[in-house]
Amino acid sequence: MRIEREQQEAARDDERDERRRPAFRPDVEGLRAVALGLVLLYHAGVPWFPGGYVGVDVFFVVSGFLITGLLLREAERHGKVSLLRFYGRRARRLLPAAAVVVLAVCLAAVQWMPPLERRNVAADAVGAALYATNWQQAGRAVDYSAADAEASPLQHYWSLAVEEQFYLAWPLLVLAVLWTFRKVRGGGEELRAAGATGRTPLLGRCGLRARLAVVLGALAAVSFVHAVRLSAEEGGVAYFSTFTRGWELAVGGLLALVPAAAWRRALPAAGPGARRGALAAGALAVAGLAAVAYAGLRFDDATRFPGPWGLLPVLGTAAVIAAGCGLAAHPVGRLLSVPPLRYAGRISYSWYLWHWPAVVFVPLALDRELSVRWMLVVVAAAALPAALTHLLVEEPVRRARVLLATPRALAVGAACTAATVLVAAGSWISAPTIALASAEQARGAAALADEDQPQKSAKALRPLPEKATDDRGRVHDDGCLAGQQETESGDCAYGDKGGGDTVVLFGDSHAIQYAPALEKITERRGLRLVTLTKSACTPAQVTVFNNQLQRTYTECDEWRDNALERIEDEKPDLIITGTQDVKTVVEDGKRLSGKKSAKAHQKGYEETMDDLLGTGATVVTLADNPYPPEDIPSCVSGAVRDLDDCAFSEADGYGYEPVSARANAKFDEVGLIDPKPVMCKDGTCPAVIGNVIVYRNGAHITASYMETLTDWLDGQLRRVT
């Protein structure tokens, strides 16, 4: 009898605490402001917060906590969860404001972006409307051709996509757990009876929460392990993947599943343990905020994220939330609940939506780069459209009585998505285009020698700006640029395959870009061409850091060793080697600075040249080409009447350490081919030469322009061999 009486008293205490615990948490609203502040400082470029991106992780934990709590309360009160009602609430809350910002971005792109970028924004708008931006960004993270692409004004929607995908899946899992709960020990009847009386029995509540905790805990564990593994292998993909971020939302969800009785025991607010409870809650909150702050101050782009280092901001956020789950008051909770922070947290969703488009478009509108100080002004000023959006869009739609009905709420969400897609399609279709230049019109390099001034305008171009990224040539398209995780090259033989002499092209993407011309030259001369090239992998004998994989590029070292063995087996008569001069070298696990990397890169290239000379072949080095300061196809798409806008100075194009040329200078017997004379003239490097776009993306030369260099390259090879 005594045990039963104690259980009943515990149940009554638990019920009382559940009623006393407010559904609204002012400290959590303030915590949103902290998360937003970290993101704003990071995107403004403030050097003291290189890890400000962890603000997104704070948002994830908060969202997991709030959404799970909402679903749990509905399940415990009614014995069921209405999917349509849940999705209707999410649609009213999130989609209208998101749609307004996307539509504004599409309009701003028409005003301030060239046609090609305008089309890219339209594609991103569709991804944002369908909440698939994170997968778009993940795809770009492993696409080397997109490495130098302009920042999208909608790329920040990736985090919203992760949350929406969680919102889609987690209620379904809650329903599945509820279904199993009804099948075991009459859980369904217990919950339905509780809903009828307005009380939730302890056994039913704990049983449901325990089952949900097992499911969510298992998912969190799997997601975290996957995050750790993928962060070590493909850091770019790991950063954006829902599967590597799910554990962060799950941590917040697990907090929401802890019953009030547990918090009452851990953080008592009354009785003999009240002082201890207040001290424990305060210490927990301070430690949590300190962990988040440390991550913001000390993490950077080299930190393996989201696993394992994501644990610090995630558990720190969980600690702050947990400190407020009991009834004990603490100073951090009072600090986070001050009105200014609460207001910033209240409009944080709209502020987050508006700040990144402001970061992208304000410099474009002013036609100049902004200092960190002015970027801080920009992200702070984004509060104005955010406040208006919150006041005129978010709140009216969320609270409109006419939209409380689930079908109408879902209809509003569908209308927002449809409107966004339609406007994006219209922006894509209406973007102006230019005609494709014929073979006769596309003179290319010949025009640079014949004309006194760089080409001023064009009526037709080759390739078309929107096709330039894919203008890579047959050898590249055949897969002869080994992927970033490949360690061997295929056969990749071209030219006269039955020729007696062999030419090897050895290097990275800055080497394979010469393949369209070399293919024609070797066919003409009856030579066999073997291409041994790998994406982002220098032939120099150094270990480098891979920006797409966000880790040391070990595959490059293995591929290089295999390629050097292959060269010995091929016994070539001529070896042509080339690389992008700018690489980040890793020594003793640390990335070297710019000048130190260049020096180490040069030394490693000298070692490779020495090894190549040891094969008995004639060795030729390709000096690196100019690096445009902007995306050339995008610029050209909006400047066909004034191509000078896209030309750049030779000093800007060659603003890097000339590693290849300096390494070559150490060897009198190694020939050097420098493309500068056919890329620049009189100190200017044109974007279009003879109706041919010179660069396809970043500093990579289009196959169309390289083909016009065939005779020049043939003459250079005869000169140095």
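For the structure, check the block above.
This write-up is about the structure you can find in this document. (Residues numbered from 1 in each chain as written. Predicted model: local features only at pLDDT ≥ 70, side-chain atom pairs only at ≥ 80, totals over all residues. Heavy atoms only, no water.)

**Points about the pattern of salt bridges**
- Enumeration over the complete set of coordinates arrives at 29 salt bridges.
- Aspartate 477 serves as the salt-bridge partner of arginine 472, at 3.1 Å between the closest nitrogen and oxygen.
- A salt bridge links aspartate 714 to arginine 524, with the nearest nitrogen and oxygen atoms 3.1 Å apart. Taken together, the residues span a long stretch of sequence, with aspartate 714 in helix 31 (residues 710-720) and arginine 524 in helix 24 (residues 515-525) at a distance of 190 residues.
- Its relative accessible area of 6% is what places aspartate 714 among the buried residues.
- Of the residues examined, arginine 524 reaches a relative accessible area of 47% and is grouped as partly exposed.
- It is possible to trace a salt-bridge network through shared partners that takes in Arg524, Arg525, Asp711, Asp714 and Arg718. (Salt bridge = Lys/Arg side-chain N within 4 Å of Asp/Glu carboxyl O. Helix = DSSP H or I, 4+ residues; strand = E, 2+ residues; numbered from the N terminus. Buried < 20%, exposed > 50% of the residue type's maximum accessible area, 1.4 Å probe, protein only.)

**Here we look at the state of the cysteines**
- In this structure the tally under the stated criterion is 4 disulfides.
- A sulfur-sulfur distance of 2.0 Å marks the disulfide that ties cysteine 537 to cysteine 556. Around the S-S axis, the bridge from cysteine 537 to cysteine 556 shows a dihedral of about 80 degrees and counts as right-handed. One end of the pair, cysteine 537, is in the loop between strand 6 (528-534) and strand 7 (545-546); the other, cysteine 556, is in helix 25 (residues 554-570), and 19 residues separate them in sequence. Here the two residues cysteine 537 and cysteine 556 agree in accessibility, since each one is buried.
- Here cysteine 680 pairs with cysteine 685 through a disulfide, and the sulfurs are 2.0 Å apart. Residues cysteine 680 and cysteine 685 are joined by a disulfide whose S-S torsion is about 90 degrees; by sign, that bridge is right-handed. (Disulfide = S-S within 2.5 Å.)

**Structural notes on the environment of phenylalanine 243**
- Here phenylalanine 243 is to be found in helix 11 (residues 242-257).
- Residues phenylalanine 243 and serine 337 lie 94 residues apart in sequence; the distance between their C-alpha atoms is 33 Å.
- Not counting chain neighbours up to four residues away, the residues in contact with phenylalanine 243 comprise Trp135, Ser223 and His226. (Contact = heavy atoms within 4.5 Å.)

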